Amino acid sequence: MTKKLRVNGVEHTVDVDPSTPLLWVLREQLELTGTKFGCGIAQCGACTVMIEGVAVRSCIMPVANLEGRDITTIEGLAGNTQTPHPLQQAWIDHQVPQCGYCQSGQLMSAAALLKRNPQPTDADINNAMEGNICRCGMYDRIREAIKTAAEAMPETTPEQEIAKEADNG
Amino acid sequence: MKTSLIITALTTFILLPASLAMTPEDERSEPVVLSTEEALTEWHKVFKVFSHPRCTNCHVPEDHRPRWSGPSFGLSEGEWAYHGMNISSGETRDGQDSIPCSACHAESNSELPHGPPGAPHWKLAPVEMIWWDQSSAQICAQIKDPARNGGRTLQDVADHIAHDALVHWGWEPGPGREPAPYSVAATVTAFENWAASGAPCPAE
Amino acid sequence: MGKWTRRAFLSAGVLAGGGILVGVALRPGNRNDALAPFVEGDGQKLVHAYIKIDQDNVVTAIIPHSEMGQGVHTALAQMLADELDADWNLVRVEEAPAIGDYSLYSVGRGFLLQGIDFPDIVIPTIEGVMMMLSDSLDLQVTGGSMSVRVTGTYGMRVAGAATRDMLKRAAAKAWGVSEKEITTEKSMLIHTATSRRAPYAEFAAAAAEMTPSYTPKLKEIKDYKLMGQHKPRFDIPAKVDGSAKFALDVRVPGMVYATVKRAPVFGGTVKSLDDRAARAIEGVLDVVTLPVTSADMMIGGFTAGEVVAVVAEGYWAAQRGLRALDIQWDNKGNGAVSSADIAAQHQRDIEAGADRKSDRSTGNIEDAFANADTILDADYTIPYLAHTCMEPLNATADYRDGQCEIWVGCQNPLGFRRAVADVLGLNEEQVTFHNLLMGGGFGRKSRPDWAMQAALLSKAVGKPVQLIWSREEDVRQDFYRPASRSVFRAGLSQDGELLGWQNTYVNKQEPAEAPLIPYAVEAQDIGYVQSPSHVPWGAWRSVDESMHGFFTESFIDECAVAAGKDPYEYRANMLKAHPRHLAVLNRAAEEAGWSAPLGLGRGRGIALKESFGSIVAQVAEISIMNEQVVIDRMVAVIDPGFAVAPDGVVAQIESGIIYGLTAAIYGEITIEDGAVQQSNFHDYPALRMTASPVIETHIINSGYAPGGAGEPGTPPAASALANAIYAATGKRLRDLPLNKHIAFAEGGRA
């Protein structure tokens, strides 16, 4: 079945079974391999992308329901700029990744958090990131990097963020 | 063969979520007025549904934390845990302030064992509709109180059971989870019979 | 990070044939020019096995270890560049290809001749012998925390220093000055008296003609410029924007996808298979049964049962196909075995004591017990553990015309290449092996079972195949940290002095010294019995050290309590002969504020374990809130000899602690009806952010020979935590996982 998907601002037409989780369409059809497979059942968060700015585990999200919705993957996190997203810069500054495999998902969960909550507390961060497993155990560094990025990001309200999203879309 | 049938059913569900989310009006029988004793038997059926893990795990109090209970979590009667991943829905009851329910709960069930269940507008029931760890009498009083049932008449409640896709998920909970007892239609019938018979509540 | 270009990476044959011997430049007269075609680009001149210097004066370090997140590429480059006096901004890294001659002889030496310092004069001879040994053992292993301590010390530093010497000699000759007057700085050769300066590149060609010294003078610690400094890791930028290529990200034209189910009871075979429903699923291309496979690898061989694979146009179709299979298995007589049976067998075998082997026997243990005022007995037990690397096992293979090209992320490229060649009936030269980034390794990725499956599948379907294991398969077909039992008896004098220490445990693998204790106890009797089961064994981060870290450091805590002594001081008093251990322990107590009292419902636990050449002490600090354990913080101190990349060492300790705590709190693989019951993170949980403690790591640079960092953080974690629980609650937990016996706050098991 043919589906139209808008990923990182680009329109794609894919021919897949509608039950296929978004993860496999991204990786196999669109060759966007930055989004990772970790568990297949939304337990580990490695496959996290944003849909309309909200974190979603792409391994359990059938493409059936995604036509017309804005999908952002790690490859599109920095937008069209050459500058890394403040979270990506903070990840480098704090030397967060070890094996790095979970980090696309960690970054997308963090990005979705900062969209809703630009100045999160430690508890906010813990709650939002609890669905993302890091077997290298870099949780301390992830938390600190999110705080650094929050400080570095221009002050925008969630409403302004949403308006900006709408403009881009 | 069994597996492929399930797949077909799920595919249909994915494509046409509305098809399962409706109890056709013509299937609903006229309510019967019963004796109080018989009406309480009808209520007991309703309570068995409302107190089932498929319902209570998300009808939780103001801690906003969904529960895991029931045999599908490997837990015996009386045992329970908070939803893994330290999930809290926040006051919005849908997690939008932390991690939205919809991050993992799609509009349909995952077909994978232990994959997340899903239905449209997945969220916790409003905080005033607590069923978690409540007695039959407590839930009965609650369901009759418009301040604690979403401002509904009993007929509205019956219609809600009859039509709401998330409520219906309780009977189509996906692989590995035991469904709520009876069926949508049988529950609506029991509820309407109970309501038509004066909606008596059991003693504490 | 360099790696190989996509073009080279996807082309068959570019890397095939020929080869290089690591460190061959360290052996006079044996330079292998065959390396040149494989690592030389346009305008570059090969100087040394480990080093390339190109016309832009860029130095490329060619690293024979896999990057699995431990920062090894950066740390090894620091060692090389420091001795070379290279400009760090002009240093690049490439991972060495899996060419046979690239065998890591230095790792082999580390394994076989551990802890021996060689006089310079005999090194060339030993190198030669070791090279032959490692060739035959197929060593190109990343594991055993070997990278920095062996490859770095014996390889990178020597290579860097030797190259710098050759460059100086070449410049001295060209400038007509004495070599002694030439200095080096930031990849420049300098002759101050004549104000001459030249980049290394200018003399690279001339230097390549020279015979390198195999015993160059290495820097002293005070002269280090890069070693010991924090340098941002090379591999990190690509890991934050999705561009880093893991094995799962390989794309080969025309490839199809596959997923597998191996006999759930280890060693089983297919009795009957009905694949009609699977074949009817759209996108499913084939269903293939793979035979029992085995490989005689360096660290323990293995045999794995039969496998049914579904090959499809995409992973989702393959996964659906797999679930639609109706398979009956022949369990080969193991279909009734349970964890309880295995535990009972361990107990029986220890009690019988038949064929008990000794690890250490000193003093007279019977006398010690006879003279003791108090006898203390305790039994400790631990379950099987899986590795659950974040990246599920996967491999991409392309078999055609009697050749196989394969892409994997693994800890032992050469061993994998041989195993793939063997299972296909090919020579090793007919297998081209590409090693990619690993999403975690932890020991699991030293076993080539899944790579062999991918190769067989490509041969069976005549197409390139990317095999992806489900997480369920990963949990159920692992090579497990073994379940074990460890039985202790201690004899204490009236004033609490430890007179005798007796310990018998089941199942010894490696390293040999893992069960030994550093404490001054005169009579020691430590030994083991082997009690095998059908559950396959595998190296699990720190191997035997993790289990003995829990056993011995918990029991010594019990001895301290029985003696009425402070657990820290009790240990410290028995470490006079081990000043490094004592320093680490003291520092941990100091940093943790050991002597400051904690409130009610709080507790601290301490543990000390040497492993892989490093000594680590940890203090766990916990609170009991609502009858649940909250780990407030972990303080860790490591003496790794010298920390070449200090932030890398800190990160490895953090990682090792979280890995160890995860296992201690939740980790349990159970066997029922011969098969693993767990399947994914919902029933084999990992520590998540909320419950993870703050970790403070401190490094002691003692100046001794460098030790590992990737593993030593794990062994003390479980006992530090269990000892803290005792301190807070009076409850002594001798069985893992701990959450079977006490509740933990947040993220408990479902």
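Notes on the structure follow. What you are looking at is a predicted structure, and each value in this text was computed from that prediction instead of being measured.

**Things to note about the sheet that holds strand E3 (residues 48-51) of chain A**
All names here are of chain A. Strand order in the open sheet formed by 5 strands is E2-E1-E5-E3-E4, and the pairing between neighbours is mixed. Strand pairing shows two members of the sheet lacking a second neighbour, strand E2 (10-15) and strand E4 (54-57), which therefore form its edges. This sheet shows a mean twist of 40° between the axes of neighbouring strands, independent of strand direction. Pairing of strand E1 (residues 2-7) with strand E5 (residues 70-72) involves 2 bridges; the strand directions are parallel. Residue pairing in the sheet places Arg6 in a bridge with Asp70 of E5. Against the sheet, helix H3 (residues 103-116) touches E3, E4 and E5, its axis set at about 35° to E3.

**Quick word on the state of the cysteines**
One pass over the full model with this rule turns up 1 disulfide over all chains. A sulfur-sulfur distance of 2.0 Å marks the disulfide that ties Cys140 of chain B to Cys201 of chain B. Taking the torsion about the S-S bond as the criterion, the Cys140 of chain B to Cys201 of chain B disulfide, at about -85°, is left-handed. Of this pair, Cys140 of chain B sits in helix H5 (residues 136-144) while Cys201 of chain B sits in the segment after helix H8 (184-196), placing them 61 residues apart in sequence. Under the relative-accessibility criterion, Cys140 of chain B is labelled buried at 0%. Here Cys101 of chain B is not disulfide-linked; the sulfur of Cys58 of chain B is the nearest cysteine sulfur, at 7.5 Å. With no disulfide of its own, Cys410 of chain C has Cys389 of chain C as its nearest cysteine by sulfur position, at a separation of 12 Å. Taking relative accessible area as the criterion, Cys410 of chain C reaches 0% and is therefore assigned buried.

**Some words on the interface of chain B and chain A**
Contact with chain B, which involves 22 residues of that partner, is made by 20 residues of chain A. Roughly 1,900 Å² of surface becomes buried between chain B and chain A when both sides are summed, with 62% attributable to carbon and sulfur atoms. For the pair chain B and chain A, the number of links is 0 salt bridges. Seen at the junction of chain B and chain A, the total is 3 residue pairs in polar contact (both at pLDDT 80 or more). Its residues placed into classes, the side of chain B that touches chain A shows 11 nonpolar, 8 polar and 3 charged.

**Examining the interface of chain A and chain C**
Contacts between chain A and chain C engage 50 residues on the former and 61 residues on the latter. When the buried surface of chain A facing chain C is broken down by residue, Gln95, Gln98 and Arg135 of chain A rank first, second and third, together holding 18% of it. Here chain A is connected to chain C by 5 salt bridges. Its salt-bridge partner being Arg141 of chain A, residue Glu654 of chain C comes within 2.8 Å of it at the nearest N-O pair. Every element with two or more residues in the side of chain A that touches chain C is listed here: helix H1 (22-29), helix H2 (86-93), H3, helix H4 (122-129) and helix H5 (139-152) of chain A.

Cut-offs and rules
Residues numbered from 1 in each chain as written. Chains lettered and ligands numbered in written order. Predicted model: local features only at pLDDT ≥ 70, side-chain atom pairs only at ≥ 80, totals over all residues. Heavy atoms only, no water. Pairing = 2+ DSSP bridges. Helix = DSSP H or I, 4+ residues; strand = E, 2+ residues; numbered from the N terminus. Axes fitted to C-alpha atoms, helices over the stretch in contact; angles between N-to-C directions. Contact = heavy atoms within 4.5 Å. Disulfide = S-S within 2.5 Å. Buried < 20%, exposed > 50% of the residue type's maximum accessible area, 1.4 Å probe, protein only. Buried area = accessible area lost by both parts, 1.4 Å probe. Salt bridge = Lys/Arg side-chain N within 4 Å of Asp/Glu carboxyl O. Polar contact = N/O pair within 3.5 Å; in protein donor to acceptor, adjacent residues only side chain to side chain. Nonpolar A, V, L, I, M, F, W, Y, C, P; charged D, E, K, R; others polar.

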